[in-house]
Every structure is written in C-alpha cells, then in structure tokens.
Amino acid sequence: MSDTKPSPESPDPAATLRQAAGLAEHLGRIGAQWLPVAQPDQVQKLAAQFASPSPPETPAEPVSKAASSQAAASPRPAASSPEQRPEQRPEQRPEQRPEQRPDGKASAHRLPEDDSSGRQPYPGDPLPEPQRAQRLSDLSERVAACTRCEQLVQCRTKTVFGEGHVNPRVVFFGEGPGREEDLSGRPFVGRAGQLLTKMIEACKFDRQDVYIMNTVKCRPPNNRNPEPTEIENCREYFEAQLELLRPEYVVCLGLVAAQALLRTKLSVGRLRGKFHQHFDSKVLVTYHPAYLLRTPAAKKAAWDDLQLMLRDAGLM
Ligand code: URA
C-alpha cells in the first residue's frame, strides 16, 4: 500500500484508473458513442471538487427537468454556447481532431471539414429496441399501403421498406428499389446490392449489423430516377425511419439519396470527403454501388469515404 496520501496535485493513479474503467463501462452500457474533448481547465476544476473532503459550499445550479431529460436522451452533449467554452473554436471541433485516432497517430487522411453548425438532437427520447422494432414494423405497414405516387403504385410489385439492425451504428441510404428489390421486397439484393454487401463487409460489419434503406420505397419504372414529387411523398417515411433508428452515421449512396436527405443540389463530388449532419447523425456521401459497377475506377474514392467514417468511429 502506498503511504502517500492522494491529493488534487498527485491523485492516486490506481483509483483514477478504476474510476475511468467504471465510467467507461457505464458509458458503454448506456450506449454513449461520442464524447466531447475534455477542456483542461474544467478537468482541473472537477478533479479538485472530487478530491475535496467536503462537498462544495455552493450547490450546483439546479438543472431543469427538460435539460436533464434531454441529456439522458442524447448520448451526445448539446453544443455549448461560446460563453461557456470560449476556448473551443469551430476549427477545433472534436471530429476534426487528428488525435481522435485510436492508435494515437495523426490522420494521414485529409481531415474532414465539418458541416455541423446546424446540429440538433433528434426530437424526443430514443426508444428501446422492442418498441423501435414495433414502430418500424407499423411504419412499414403504412408504406405497404401507401398510394401517394400514382405511377409507382401501379408499377410496384412490393414496397421495399428497409431492413437490418434496429439499433444500428450505420445506416446505408440508397436511392430506390430496382427489379430484384421490387420482386423480393428487400433492399439492395441485386448486383448493386452484392457490391454494397462487400463494401459493408470491407468495413468489418455484417449486413445484419447495419440498416439498409432507400429514399423511395417503390420501384420507379425502368429504374428511372425518382421524381422530386415522389421523393417528397416518401420523405415522411425515410425521415421517420431515421428518427427511430438514430444512427451515428448515415452513408448516402449516390446523388438522389444525398440530395434528398441533405436538401441540396450539390453534386456527389462536392458533397463527399466530409461529414454533413442530419439531426445528430453524421452524414457521409459516397458513390452508389451501381455507379461503382459501371465505373470501377471510382471504387478507390468510395473506399476512402468509408475509411473516413471508420476512422471517425474509432474502428480503424
Ligand atoms: N439501388 C438502390 O438504390 N437501392 C436498392 O435497394 C437497390 C439498388
């Protein structure tokens, strides 16, 4: 046993490790996937508070019920105001920090620009998995009965709602069903789907670990692009799906998905290589697997995009 008493200046390393391990376990249990970078002055203040033998004289400001329930609901902290964190400049946002790599090396990859100025949490509390599954299933029944798009209703064999893990870290978001998908009612099961499965496996996920869905749920005739009105008719469905799933990342596959989700007219070339935001999901844009089948030279760029996400997620 050590005979030196821990103090704020020399805390007991074993105790600190135990606390850190306990905290990590707790965060893992509650599903936290993202933590802010610590501010050194705040860390010191907290350390001093924990080390002090009696509680601080002045009680902490009461936290409003709404604020505390929001904190519980969202594993990611709400953005602090500039007054609270004057030292955190926009260019220092955590997802841009090279030291986020788990191996401690600075990233050799171009650092992602951040487009998260409008970040806001998904509304309400995340649902436990059984309720999510039930709500997704209810939504899928509504989609199956949908008749909003006159032409698509007549052409479709089956609606293609989406499939996968109901609590996924990553959602792959495509354009719309093709022939095979229309016949089977499942997303990405044709040739493009086989390539998507390989891309997912290259990320070291299984298909069932992620969720796969499309912008429009009915096959446009002759695989034409969905019309803007068809996308707007389906918006309620794909946005509700994402709100239920609340993934950490949404990978938009191709232009239609990216433009629909991000409500932009920019090209894939302009959108890829950085993170965008849909509520508190990070959105990455890459090439559609069907395009990659036609243009194998673009596969390298698509892999770069996926690696950007894997690095950010601490998975490589
Ligand atoms: N292309 C898509 O965008 N989605 C599918 O489900 C299949 C092919």
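Sequence order as written defines residue numbering, which begins from 1 separately in each chain. Local features in this predicted model are restricted to residues of pLDDT 70 or higher, and side-chain atom pairs are both shown and tallied only at a pLDDT of 80 or more, whereas totals for entire chains, interfaces and linings draw on every residue. Side-chain metrics rest on all non-hydrogen atoms present in the structure, leaving aside hydrogens and water.

## Points about the packing of helix 4 (residues 129-144) against helix 8 (residues 228-245)
Think of each axis as a best-fit line through the C-alpha atoms, taken over the contacting stretch in the case of a helix, with angles from 0 to 180 degrees between the N-to-C directions. The secondary structure listing takes helices from DSSP runs of H or I that are at least 4 residues long and strands from runs of E that are at least 2 residues long, numbered from the N terminus. It is at 10 Å that the axes of helix 4 and helix 8 come closest, and there the two elements cross at 170°. Classified by the angle between their axes, helix 4 and helix 8 sit roughly antiparallel to one another. Across the interface between the two elements, R132, R135, L136, L139, R142 and V143 from helix 4 touch E236, Y237, A240, Q241, L244 and L245 from helix 8. Roughly parallel covers angles under 35 degrees, roughly antiparallel covers those over 145, roughly perpendicular covers 65 to 115, and oblique covers all other angles. In what follows, a contact means two residues having at least one pair of non-hydrogen atoms within 4.5 Å.

## Section: unusual backbone geometry
Backbone geometry at N223 places phi at a positive 55°, although glycine is not the residue there. Its location among the elements puts N223 in the loop between strand 3 (211-214) and helix 8. A positive phi angle, close to 45°, is found at R246, a residue other than glycine. Position of R246 relative to the elements: it lies in the loop between helix 8 and strand 4 (249-253). When accessible area is computed with a 1.4 Å probe and restricted to protein chains, residues below 20% of their type maximum are described as buried, those above 50% as exposed, and intermediate ones as partly exposed. When its relative accessible area of 17% is taken as the criterion, R246 is described as buried.

## What about the confidence of the model for the protein?
Interpreting fine coordinate detail is not advised for predicted regions of low pLDDT. Across the protein, the average pLDDT comes to 76, with 63% of residues at 70 or higher. Per-residue pLDDT stays below 50 along residues 1-9; that stretch engages in four contacts with residues further than four places along the chain or on separate chains. pLDDT gives the predictor's per-residue confidence on a scale running from 0 to 100. Contacts from residues 25-31, a stretch scored under 50 in pLDDT, to residues over four places away or in other chains number three contacts.

## Structural notes on the packing of aromatic side chains
Centre distance within 6.5 Å is the pairing criterion for rings of Phe, Tyr and Trp, where only the six-membered ring of Trp is used; planes under 30 degrees apart are then read as stacked, over 60 as edge-to-face, and the remainder as tilted. This model, assessed by the stated rule, comprises four aromatic pairs. Judged by centre distance (5.2 Å) and plane angle (55°), the ring pair of F173 and F238 falls under tilted. In this pair, F173 sits in strand 2 (residues 170-174) while F238 sits in helix 8, placing the two residues 65 residues apart along the sequence. Residue F173 is classed as buried on the basis of its relative accessible area, which comes to 0%. Only lysine NZ and arginine CZ atoms are considered, and such an atom sits over a ring when it is within 6 Å of the ring centre and within 35 degrees of the ring normal. A cation over a ring is seen here: K217 above F161, with NZ or CZ 5.9 Å from the ring centre.

## Digging into the environment of L262
Within the element layout of this structure, L262 appears in helix 9 (residues 255-262). Each C-alpha atom of the pair L262 and H276 lies 7.9 Å from the other, and the pair is 14 residues apart in sequence. The residues touching L262, leaving out its near neighbours within four places in the chain, are L271, H276, Q277, V283 and V285.

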